[in-house]
Amino acid sequence: MTKLPALPAPMVPTVLMVLAHTAFAGGRVALALSALRLGGSPFEVGMVVSLLALVPMFLAVQAGRWTDRRGVAGPLLLALALLEAGLLLAALPALAALGVAAILMGCGFMLVHVALNNAVGSWDAPARSHGFSMLALGTSVSSVAGPLLAGVLVDLAGHARAFLLLAILPCLALPMLRGGHLPPAPSPAPAATSTALAARPRMADLLRHAPLRAVFVTSALLSMGWDLFSFMLPMHGEGIGLTATMTGTVMAAFGAGTFVVRLFIGRLARRYTEWQVLGAVLALSAAVYFLMPLARTLPPLLALAFVLGLGLGCALPMTMSAIARNAPPGRGGEAIGIRTMLANASQTVLPASCGALGAAWGTQAVFWLVAGLLGAGLALLGRVRTGTPAG
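From a predicted model like this one, the values you see are computed outputs, not experimental measurements.

Participant: Describe the overall build of the protein chain, and please don't skip the residues or the numbers.
Facilitator: Each helix and strand counted, the protein chain has 17 helices and 0 strands in total. Taken across its 391 residues, the protein chain has 48% of its residues classed as buried. Just so you have it, the protein chain exposes about 17,300 Å², and 70% of that area is on carbon and sulfur atoms.

Spelled out as structure tokens, the structure:
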């Protein structure tokens, strides 16, 4: 039998991310469909889906610290095992099993996300910028492939078999953990610094670090902007009489924008600092959210969605690059964990809170409120001194 050629080292994190995120994104869709098939109420279905982000939100910082102490190969092995176990458990026809499966899948993918971004963050600057752009591009691909694959598998093979087939993907990722392409566990601290490093790390230390604090706040705002579009656009579309196909087309335009801009992230990183790009994204996103409720027909909505995708598509790779550049030595994974915690908090809290605000004030007020928050984020970035180009 001919042995397949090994992947080039810089491609390993991206391929791992595509496999893991395709399984996770597909599993998320299949979880909702299975919960509905089992007769779950809207509240029960919402609870199952929210468990994908709720529990990982509380574990993300500890997961980051673990990757700082132990390297990423061990955490990735556990992450893939959790993702695999969740997909297999979800094949059982019971709502309780789906809830536990959601926790396992959410924790597994959270750990994959933290570990792979910490791994890429340990590379030198040019390779790091390219690595983060490739991870983001891989996420865009799997965000489309996962739900599409899940829908096809559910229709052709049924809900249980769909989960079992999705569970093949984490298994395909396992051989790449043995290739030696991922950073090993860090070396023991020198004696001169062992006392300082032995002190229990505190999240507050990172939050008091001004550049990191700016990154965390900016990341939280942009995560809010991303999640709000996914939640509020269908409500706005229904309010102005768009068909389901039209609404789906607008959502696809947003996805197309994120994919296109991630093809050129490396060039942006070589020409501009992370702060410059993130500031531009905040300004662009605020403008789009201000204009979005004023758009009442399909063509302007398509244009605005595509432009918003161009902006928010930059957010993740530039945020990760800024974290890698500004995190104290040995605490990059912890900083990524804080950013992941904030993103999961947004995914957990935002739908309910924006739904309540929309019911009370209307969707237009919600769009404008978020536009104001995104604009206010520029003031924070304005106080961060511009550094050297990200590349």
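Participant: Got a sec to walk through a nonpolar patch on the surface? Specific residues and values, please.
Facilitator: Nonpolar side chains collect at one region of the surface, where Val141, Phe259, Val260, Leu263 and Phe264 lie side by side and expose about 390 Å² of accessible area between them. Tracing the chain through its elements places Val141 in helix α5 (residues 125–157).

Participant: I'd like to hear about helix α13 (residues 274–291), residue by residue, with values.
Facilitator: Over its 18 residues, α13 runs 26 Å from end to end, which matches the ideal 26 Å to within 8%, given 1.5 Å per residue. Elements that come into contact with the buried residues of α13 comprise α10 (210–239), α14 (298–312), α15 (315–326) and α17 (363–382).

Participant: Residue-level account of the packing of aromatic side chains, with values.
Facilitator: Throughout the structure, instances matching the rule amount to 5 aromatic pairs. Measuring from ring centre to ring centre gives 5.5 Å for Phe290 and Trp368, while their planes differ by 20°; the resulting arrangement is stacked. Here Trp368 lies in helix α17 and Phe290 lies in helix α13, a separation of 78 residues in the sequence. Judged by relative accessible area, Phe290 falls into the partly exposed class, the value being 43%. We classify Trp368 as partly exposed; its relative accessible area is 33%.

Participant: Got a sec to walk through the packing of α10 against α14? Specific residues and values, please.
Facilitator: α14 packs onto α10 with a crossing angle of 160° between their chain directions and a minimal axis gap of 11 Å. Judged by the inter-axis angle, α10 sits roughly antiparallel to α14. α10 and α14 meet at a crossing whose hand is left-handed. Contact residues: Leu222, Gly225, Trp226, Phe229 and His236 in α10; Leu301, Ala305, Leu308 and Leu312 in α14. Considering only residue class, the contact of α10 with α14 consists of 7 nonpolar, 2 polar and no charged.

Participant: Residue-level account of the pattern of salt bridges, with values.
Facilitator: Overall, the coordinates contain 3 salt bridges when judged by the stated rule. A salt bridge links Glu274 to Arg325; the nearest nitrogen and oxygen atoms lie 3.2 Å apart. Of the two residues, Glu274 is situated in helix α13 and Arg325 in helix α15; the sequence distance between them amounts to 51 residues. Accessibility expressed as a relative area gives 31% for Arg325, which makes it partly exposed. Put simply, Arg65, Arg331 and Glu334 are held in one network by salt bridges that share partners.

Participant: Pulling in residues and values, what's your account of the packing of α13 against α14?
Facilitator: Relative orientation of the contacting elements α13 and α14 amounts to 155°, with a least axis distance of 9 Å. Taken together, the axes of α13 and α14 are roughly antiparallel relative to one another. Seen from above, α13 lies across α14 with left-handed handedness. In this structure, α13 contributes Val281, Leu284, Ser285, Val288, Tyr289 and Leu291 to the contact, and α14 contributes Leu304, Val307, Leu308, Gly311 and Leu312. Of the residues contributing to the contact of α13 with α14, the split by class is 9 nonpolar, 2 polar and no charged.

Parameters at a glance
- Residues numbered from 1 in each chain as written.
- Predicted model: local features only at pLDDT ≥ 70, side-chain atom pairs only at ≥ 80, totals over all residues.
- Heavy atoms only, no water.
- Helix = DSSP H or I, 4+ residues; strand = E, 2+ residues; numbered from the N terminus.
- Buried < 20%, exposed > 50% of the residue type's maximum accessible area, 1.4 Å probe, protein only.
- Areas by Shrake-Rupley, 256 points an atom, 1.4 Å probe, with all protein chains shown as cover.
- Patch = residues over 30% accessible without salt bridge, like charges linked within 9 Å, V, L, I, M, F, W, Y side chains within 5 Å.
- Salt bridge = Lys/Arg side-chain N within 4 Å of Asp/Glu carboxyl O.
- Expected span 1.5 Å × (residues − 1).
- Contact = heavy atoms within 4.5 Å.
- Phe/Tyr/Trp six-rings, centres within 6.5 Å; stacked < 30°, edge-to-face > 60°.
- Axes fitted to C-alpha atoms, helices over the stretch in contact; angles between N-to-C directions.
- Parallel < 35°, antiparallel > 145°, perpendicular 65-115°, else oblique.
- Left-handed = near helix turned anticlockwise from the far one by under 90°.
- Nonpolar A, V, L, I, M, F, W, Y, C, P; charged D, E, K, R; others polar.

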